[in-house]
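Breakdown of the fold
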Amino acid sequence: MKPLDMVIADRPDVRSGNNAGRTPDERTHVAVKVFSVFYRANQAVKDVTFNIPAGYVTAIIGPSGCGKSTILRAINRMNDLVPGCYVKGELLFDGQNVYNPDVDVVMLRRRVGMVFQKPNPFPKSIFDNVAYGPRLHSRLNQGELAEIVERSLVDAALWDEVKDRLDDNALSLSGGQQQRLCIARVLAVDPEILLMDEPTSALDPRATLRIENLIAELRGRYTIIIVTHNMQQAARVSDFTAFMYEGALIEFGPTKEIFTKPTHKQTNDYITGRFG
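The text that follows walks through the structure, step by step, so that each part is easy to find. (Residues numbered from 1 in each chain as written. Predicted model: local features only at pLDDT ≥ 70, side-chain atom pairs only at ≥ 80, totals over all residues. Heavy atoms only, no water.)

The helix and strand tally for the protein chain stands at 11 helices and 10 strands. By the compact-globule yardstick of 19 Å for 276 residues, the protein chain fits well, its C-alpha radius of gyration being 19 Å. If you line up the protein chain on its principal axes, its C-alpha atoms span 55 × 45 × 35 Å. When each of the 276 residues of the protein chain is scored for burial, the buried share is 51%. Taking the contacts inside the protein chain whose residues are at least 6 apart along the sequence as the reference set, 69% of them involve residues at least 24 apart. Accessible surface, the protein chain as shown: approximately 12,900 Å² in total, 49% of it carbon and sulfur. Separation between the mean location of the 33 positive side-chain charges and that of the 33 negative ones in the protein chain comes to 3 Å. (Helix = DSSP H or I, 4+ residues; strand = E, 2+ residues; numbered from the N terminus. Rg over C-alpha atoms; globule rule 2.2 N^0.38 Å. Buried < 20%, exposed > 50% of the residue type's maximum accessible area, 1.4 Å probe, protein only. Contact = heavy atoms within 4.5 Å. Areas by Shrake-Rupley, 256 points an atom, 1.4 Å probe, with all protein chains shown as cover. Lys, Arg positive; Asp, Glu negative; His and termini not counted. Charge placed at Lys NZ, Arg CZ, Asp CG, Glu CD.)

See the structure below:
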């Protein structure tokens, strides 16, 4: 495994090459403004403010219990399913506060897809897993569904492995294949943002590499936000990094700067393994 500084050195600067002229504030896709999340009396996220730029990969890092997954799930209001959860402040998606009363939560979750820590395919065929969302949201004939399924599996780098077994139960796939199937299922409804909550923590190194390569291939087509405990992974896949500690945002910026020239001592201590 490469040392962290070598991993960072291998990454192109997000503000060079094809991304020249783009900054974190250009076409902000998600804006978090003095945003807090409470589970009854417990404040899990504390007055957090940062902007997530469109088309890039943003990693959220920090020790367990620091609020990473909570803020990720707040973006598509998955926290609504937790009894006693409420928010303060603003969380804007394309300029609209997702917590406004008139927001269609079903449509929000279509535009902001979620991939969970453990693969969670439905106990259905591979085809029906990917077709589930399009069937739910649109009236499509079998030919149209087949096109969406193929395109989504191709985009999830899974088509070549399953094209001859689309009628097989999805639970017959390996763990890594199941996770890519879940990504295909999300892509099938044409989202704008992909939320990934520790998407490789249950996978072996080979399957992890496939997912990381897939993230690299999807960069630019989607805004991707990934929660990870793995510093090497954050360095490999992300363009921007947010470091959280005890519910607060300590630092946010380009990944190269966060990992090589952190502004805060807490950030430096965490990425160098002094705690966490």
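All right, on to the sheet that holds strand S8 (residues 223-227) then. The strand order across the open sheet built from six strands is S6-S7-S8-S3-S9-S10, with neighbouring strands paired in mixed fashion. At either end of the open sheet lies a strand with only one pairing partner, and these are strand S6 (112-115) and strand S10 (248-254). Each neighbouring strand pair of the sheet contributes to a mean axis angle of 15°, computed without reference to strand direction. Summarising the sheet, strand S7 (residues 193-197) and S8 pair through five bridges and their orientation is parallel. The residue bridging Met196 from the neighbouring strand is Ile226, located in S8. (Pairing = 2+ DSSP bridges. Axes fitted to C-alpha atoms, helices over the stretch in contact; angles between N-to-C directions.)

This paragraph deals with the packing of aromatic side chains. In total, this model carries seven aromatic pairs according to the counting rule given. A ring pair is formed by Phe50 and Phe252, whose centres lie 5.3 Å apart and whose planes are at 35°; its orientation type is tilted. Within this pair, whereas Phe50 is found in strand S2 (residues 42-53), its partner Phe252 is found in strand S10, the two being separated by 202 residues in sequence. Given a relative accessible area of 5%, Phe50 falls into the buried group. In this structure Phe252 comes out as partly exposed when scored by relative accessible area, which is 24%. On the numbers, 5.1 Å between centres and 25° between planes, the contact of Phe243 with Tyr270 is stacked. One end of the pair, Phe243, is in strand S9 (residues 240-245); the other, Tyr270, is in helix H11 (residues 265-271), and 27 residues separate them in sequence. Residue Phe243 shares its accessibility class with Tyr270, and that shared class is buried. Each member of the aromatic cluster is reached from another via a ring pair, and the members are Phe50, Tyr56, Phe240 and Phe252. Arg185 extends its terminal NZ or CZ atom over the ring of Phe122, reaching a point 4.1 Å from the ring centre. (Phe/Tyr/Trp six-rings, centres within 6.5 Å; stacked < 30°, edge-to-face > 60°. Lys NZ or Arg CZ within 6 Å of the ring centre and 35° of its normal.)

Compared with an ideal rise of 1.5 Å per residue, which puts 14 residues at 20 Å, helix H5 (residues 142-155) spans 20 Å between its outermost C-alpha atoms and is within 8% of the ideal. Among the residues making up H5, those that are buried are Leu145, Ile148, Val149, Ser152, Leu153 and Asp155. One side of H5 carries all its buried residues, which in axial view fall inside an arc of 160°. One side-chain oxygen at the N-terminal end of H5 lies 3.0 Å from the backbone nitrogen of Gly143; it belongs to Asn141. Ala157 sits one or two residues past H5 and shows a positive phi near 55°. (Expected span 1.5 Å × (residues − 1). Arc of directions from axis to C-beta. Polar contact = N/O pair within 3.5 Å; in protein donor to acceptor, adjacent residues only side chain to side chain.)

Bringing the pattern of salt bridges into the picture now. Charged atoms that come close allow side chains of opposite charge to pair. For the coordinates displayed, the defined rule picks out 13 salt bridges. Between Arg77 and Asp80 there is a salt bridge whose closest N-O contact spans 2.8 Å. What makes Arg77 buried here is its relative accessible area of 13%. For Arg221, the salt bridge goes to Asp155, with nearest N and O atoms at 2.9 Å. Remark: Asp155 occurs in helix H5 and Arg221 occurs in the loop between helix H8 (205-218) and S8; sequence separation between them is 66 residues. Take Arg221: its relative accessible area is 48%, and that puts it in the partly exposed class. (Salt bridge = Lys/Arg side-chain N within 4 Å of Asp/Glu carboxyl O.)

Taken across its five residues, S8 has five buried, putting it largely inside the fold. Here S8 shows a buried face lined by Thr223, Ile225 and Val227 and a second buried face lined by Ile224 and Ile226. One ladder, built from four bridges, connects strand S3 (residues 57-61) with S8; its direction is parallel. What sits directly across from Thr58, in S8, is Ile225. A crossover connection joins S7 to the parallel S8 through H8; in handedness this β-α-β unit is right-handed. (Right-handed = clockwise from strand over helix to strand, strands pointing away.)

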